[in-house]
Amino acid sequence: MIRMRQLLRGYSWKENMLAYMLLLPSLVFLAAFTIYPIIKVVDWSFYESAMGIKHYVGIKLYERVFHDDVFLKVLRNNLLLAIVTVPISVLLALYMAIWVNNKVRGTSLIRAAFFYPTLIPMIAIANIWLFIYTPDYGLLDKFLQLLGIDGPNWLGDPSWVLISMMGMLIWKEAGYFMIFYLAGLQSLPKEVYEAAEIDGVKPLRKFVSITFPLIMPTTLFVLVIATTNSFKLVDHIYIMTKGGPNNASNLLLFHIYETAFSFWDMGTASVLTVILLAILLVISILYYGILDKRIHY
Amino acid sequence: MKKLGILLVALTFALTACGSKDDSNTNDSTKTTGTEASTTKDTTSADSEKTTDTATASDKPVNLNFYFPVAVGGPITGLIDKLAADFNKENPNITVTPTYAGNYQDTMTKVVTAVQGGNSPDLAVLLSTELYSLLDMNALEELTPKFPQTYFDGFYEAFMGNTKSGDQVWSVPFQRSTIVLYYNKDMFKAAGLDPEKAPTTWEELRQDAAKLTLKDSKGAISQWGIEIPSTGYQYWMLQALSLQSGANIVSNDGTEVYFNKPEVKEALQFYSDLGRTDKVMPEGVLEWATVPSDFISGKTAMMFHTTGNLTKVKTDAKFDFGVAYLPANKSFGSPTGGGNLYVFKDIPDDHKAAALKFIEFLTQPERVAQWSIDTGYVGTTKAAYETDLLKNYVAQFPQAAIARDQMQYASSELSTHQNGQITKLFNDNIQAALLGTMTAEDALTKSQQQADDILKPFKK
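The structure displayed is predicted, hence computed values, not measured ones.

Engineer: Any details on the pattern of salt bridges? Residues and values, ideally.
Structural biologist: Opposite charge on two side chains lets them pair, provided their charged atoms get close. Residues and elements named next belong to chain B. Inspection of the entire model under this criterion finds 24 salt bridges over all chains. Of the charged contacts, one joins D86 and K82 as a salt bridge, the two residues approaching to 3.2 Å between their closest N and O atoms. Of this pair, D86 and K82 are both found in helix α4 (residues 76-90), four residues apart, which corresponds to roughly one turn of the helix. Given a relative accessible area of 52%, K82 falls into the exposed group. One salt bridge connects K352 with D349, and the closest N-O pair in it is separated by 4.0 Å. Here D349 and K352 lie together in helix α15 (residues 349-362), a separation of three residues that amounts to about one turn. K352 sits in the buried class, given a relative accessible area of 13%. Among the charged side chains, a network of salt bridges with common partners joins E141, K146, D349 and K352.

In structure tokens, the structure reads:
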């Protein structure tokens with residue numbers, strides 16, 4: 001028995017060794033481009049460093065950041081953006097996926113239309129929407145004028161700019177999430193639906209009792225992607241508003257970029273990066289820790 | 001952001017590659033004079049030692065790394081390449097390799113990354129306002145002793161402002177601009193105004209703008225009197241209005257700002273009143289890039305904008321337009337803007353000598369004239385406007401002379417230590433005042449307080 005165990009252990013050690021060897025190339029890159037920078041950024045966040053001067057200040061920079069109006073505003077914007085765009089775009093994605101999953105005429109055309117925004121680079125999208133949102137002679141205002149409505153200054157009014165951004169982001173993201181749902185829907189077992197069919201179950205009940213629970217693993221995945229994505233959006237701000245007016249559309253990642261490459265304040269930028277990493281980590285832990293237990297795989 | 005990261009990594013690799021190539025060049029041609037070379041050099045091969053001993057400075061091949069941004073429309077990269085090729089014809093031993101580095105901000109990022117990585121470029125075109133950031137990094141070569149005083153005197157005084165910290169000169173004016181008033185002559189005629197007489201005072205500006213603001217049958221405004229942009233460069237616009245009221249907002253050593261002076265308050269009040277009280281300018285924030293489109297498409301009758309857009313407006317506008325001085329409150333006034341040529345410190349001496357030669361080449365009157373015609377930037381030297389080239393151009397297109405004539409009233413642009421941060425906070429507060437979420441007074445008091453905190457360590 002003991003010999004057997006030893007044998008097993010030796011065997012598994014060898015097996016593991018092989019696995020590690022196979023993983024090594026990826027691990028090297030992960031270490032060099034993800035883990036090392038993370039350690040470095042945590043280290044830098046304790047140093048006040050600007051323009052070549054660098055000295056240790058402990059957690060002073062963290063204190064300063066948490067008392068900074070701009071940071072608090074940016075954080076608030078980012079949370080609002082996540083709270084609004086994530087549920088809407090995920091629900092919309094599920095709705096679209098169920099729609100195009102049915103065998104109706106022109107499905108592939110509709111699928112392509114829904115997925116299309118995902119294929120366009122963010123920079124191009126931002127430029128297109130910059131024109132859509134142009135006051136008076138932009139596409140949206142021209143359309144509203146037909147209905148006799150005078151549109152606001154979409155990107156120039158602090159109470160509208162974030163809403164305008166949300167509209168654009170939902171349009172862009174929903175198609176992307178739809179693809180995950182579509183894949184999920186197509187892998188669902190047919191038998192359950194056939195059984196429901198025999199029992200004469202109505203479509204809504206079918207969705208609530210069968211489709212939605214069975215698609216939960218996909219939903220979890222999409223939620224994680226969607227929420228973390230909403231903290232990683234930056235390209236469009238650079239093109240459309242530069243975070244303005246008066247930081248009303250500024251988001252965390254753009255704030256980090258500005259702090260690092262416009263203010264050259266690497267210490268504060270590192271602090272902000274650590275905070276962003278913490279937020280992303282908490283989101284993943286929450287989702288996987290809480291939702292995961294309630295999902296049937 | 002991810003894409004940006006990849007770009008940065010790729011760039012770092014590219015820079016390291018360039019850097020090592022440069023180093024080998026340097027070894028072949030270390031010092032300026034033969035005797036100096038033989039004393040300072042010890043370990044290079046006998047072969048190259050022989051060449052350095054016999055050759056004079058100008059015979060040794062030098063390869064200059066030159067970073068430049070593109071900030072206005074037009075085939076700038078082609079023009080720069082041609083300048084480099086022409087220079088090489090005159091100086092066969094110096095090859096300038098121009099590197100297009102994106103917009104001003106991108107170029108600054110690349111230069112700083114390169115400097116901090118020890119692979120500093122030889123020279124670069126960067127915003128004139130980056131002076132103190134570059135000085136704080138100890139990246140620049142001082143130019144005061146490199147040129148005779150008469151050379152610097154040849155430039156317009158207002159352009160020299162941003163090249164200096166106190167009395168030391170650190171850069172040379174290259175692609176410079178300033179703010180002017182553009183106005184639509186056809187609309188002036190339609191409103192019963194004299195199309196040859198642009199408003200010269202704030203009061204006239206108000207009155208003309210009111211006459212030029214038109215409503216359609218439903219009462220919605222179909223044409224605005226004036227637009228002053230308020231994204232990205234609102235600090236620049238406010239600085240213009242402050243100068244017209246008789247005060248500049250920055251000291252000449254970059255350690256002090258005067259945001260809370262009464263003149264600045266008057267300027268900000270005027271800026272926000274145009275939209276909020278007089279209703280002759282659209283309310284809220286006006287996008288920098290949209291304002292010229294609004295002017296060209298006839299949505300506004302007048303605009304404040306950079307001379308950098310002169311060529312674009314000239315090509316695209318389907319109506320007769322005029323260019324004028326910015327109207328005066330107490331006096332005329334406008335800040336300068338744009339980019340200067342910087343030489344870096346951490347490069348070999350023969351590269352420095354070659355870089356200075358290239359700068360001298362670029363600032364010869366004929367070349368400044370041609371550059372101004374091709375790009376729309378203001379000619380930086382008085383001599384350039386004496387050339388036949390520019391004289392003829394101005395005769396055909398008199399709008400081009402306005403910026404030059406306004407130079408006598410111009411001052412240097414806001415530039416301080418921690419310039420990015422100061423500009424950003426000032427910009428944010430100006431927007432808050434324009435949007436009405438803060439009074440002009442509060443916005444400026446807050447700006448001053450925040451700026452003082454940031455600048456405290458730099459005051460001696």
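Engineer: Quick one: what's the story with helix α10 (residues 202-212) of chain B, residue by residue and with numbers?
Structural biologist: All names here are of chain B. Every buried residue of α10 is listed here: W202, L205, D208, A209 and L212. The buried residues of α10 all sit within an arc of 125° when viewed along its axis, so they share a single face. Lining the buried residues of α10 we find α9 (185-190), β7 (214-215), β8 (221-227), α11 (234-245), α12 (262-276) and β9 (300-306).

Engineer: Please give an account of the packing of α11(B) against α12(B) that cites residues and values.
Structural biologist: Residues and elements named next belong to chain B. At a minimum axis distance of 8 Å, the contact between α11 and α12 shows a crossing angle of 120°. By the angle between their directions, the pair α11 and α12 is classed as oblique. Where α11 crosses over α12, the handedness of that crossing is right-handed. In contact with Q234, M237, L238, L241, S242 and S245 of α11, α12 contributes E263, V264, E266, A267, L268, F270 and Y271.

Engineer: Give me the lowdown on the domain arrangement of chain A, citing residues and values where you can.
Structural biologist: Size of an interface: often given as the accessible area lost when the parts come together. Residue and element names in this part refer to chain A. By the assigned domains, chain A splits into domain 1 (2-44) and domain 2 (69-294). With four residues of domain 1 at the interface, the matching set in domain 2 holds six residues. Here domain 1 and domain 2 share an interface that buries about 390 Å² over both sides, 82% of which is from carbon and sulfur atoms. In terms of surface lost to domain 2, no three residues of domain 1 exceed I38, V41 and W44, which account for 90% of the buried area on that side.

Engineer: Kindly report on the nonpolar core, identifying the contributing residues and their values.
Structural biologist: One finds V90(A), Y181(A), M240(A), L126(B) and F344(B) to be the most contacted residues of the largest nonpolar core, which totals 92 residues. Contact partners of L126(B), with chain neighbours within four places excluded, come to Y104(B), T107(B), M108(B), V111(B), L134(B), G339(B), N340(B), Y342(B) and F344(B). Within the second largest apolar cluster, 81 residues are counted, among which are W202(B), L212(B), L238(B) and A324(B).

Engineer: Tell me about a nonpolar patch on the surface, and name the residues and values.
Structural biologist: Residues and elements named next belong to chain A. Taken together, the side chains of Y20, L23, L24, L27, V28, F29, L30, F33, I35 and I39 define a hydrophobic patch exposed on the protein surface, amounting to about 990 Å² of accessible area. Inspection of the secondary structure assignment puts L24 in helix α1 (residues 2-44). Judged by relative accessible area, which is 43%, L24 ranks as partly exposed.

Engineer: Can you lay out the pairing of strand β3 (residues 123-127) of chain B for me, pointing to particular residues and giving the numbers?
Structural biologist: Residue and element names in this part refer to chain B. Burial runs high along β3: four of the five residues are buried. As paired strands, strand β1 (residues 62-68) and β3 are joined by two bridges and run parallel to one another. Along β3, the bridge assignment pairs Y67 with A124. Bridge analysis of β3 against strand β11 (residues 334-343) gives five bridges, and the strand direction is antiparallel. Pairing of L127 across the sheet is with G339, part of β11.

Engineer: How would you explain the interface of chain A and chain B if you had to name every residue and give the values?
Structural biologist: With 27 residues of chain A at the interface, the matching set in chain B holds 32 residues. Of the roughly 2600 Å² buried where chain A meets chain B, counting both sides, 55% is carbon and sulfur surface. In this assembly, chain A and chain B are joined by one salt bridge. For the salt bridge of E258(A) with K424(B), the shortest nitrogen-to-oxygen distance reads 3.2 Å. Remark: the boundary between chain A and chain B carries nine residue pairs in polar contact (both at pLDDT 80 or more). Those elements that place two or more of their residues in the side of chain A that touches chain B are α11 (235-240) and α12 (252-261) of chain A. Of the residues contributing to the side of chain A that touches chain B, the split by class is 14 nonpolar, eight polar and five charged.

Engineer: Give a detailed account of the side chain of T255(B), specifying residues and quantitative values.
Structural biologist: Residues and elements named next belong to chain B. Counting through the fold element by element, T255 comes out in the loop between α11 and α12. Among the polar contacts listed, one links the side chain of T255 to the side chain of D253, at a separation of 3.0 Å. Setting aside anything within four residues of it in sequence, one finds T255 in contact with H417, L455, F458 and K459.

Parameters and conventions
Residues numbered from 1 in each chain as written. Chains lettered and ligands numbered in written order. Predicted model: local features only at pLDDT ≥ 70, side-chain atom pairs only at ≥ 80, totals over all residues. Heavy atoms only, no water. Salt bridge = Lys/Arg side-chain N within 4 Å of Asp/Glu carboxyl O. Helix = DSSP H or I, 4+ residues; strand = E, 2+ residues; numbered from the N terminus. Buried < 20%, exposed > 50% of the residue type's maximum accessible area, 1.4 Å probe, protein only. Arc of directions from axis to C-beta. Contact = heavy atoms within 4.5 Å. Axes fitted to C-alpha atoms, helices over the stretch in contact; angles between N-to-C directions. Parallel < 35°, antiparallel > 145°, perpendicular 65-115°, else oblique. Left-handed = near helix turned anticlockwise from the far one by under 90°. Domains from an automatic or database assignment. Buried area = accessible area lost by both parts, 1.4 Å probe. Core = buried A, V, L, I, M, F, W, Y, C linked by side-chain atoms within 4.5 Å. Patch = residues over 30% accessible without salt bridge, like charges linked within 9 Å, V, L, I, M, F, W, Y side chains within 5 Å. Areas by Shrake-Rupley, 256 points an atom, 1.4 Å probe, with all protein chains shown as cover. Pairing = 2+ DSSP bridges. Polar contact = N/O pair within 3.5 Å; in protein donor to acceptor, adjacent residues only side chain to side chain. Nonpolar A, V, L, I, M, F, W, Y, C, P; charged D, E, K, R; others polar.

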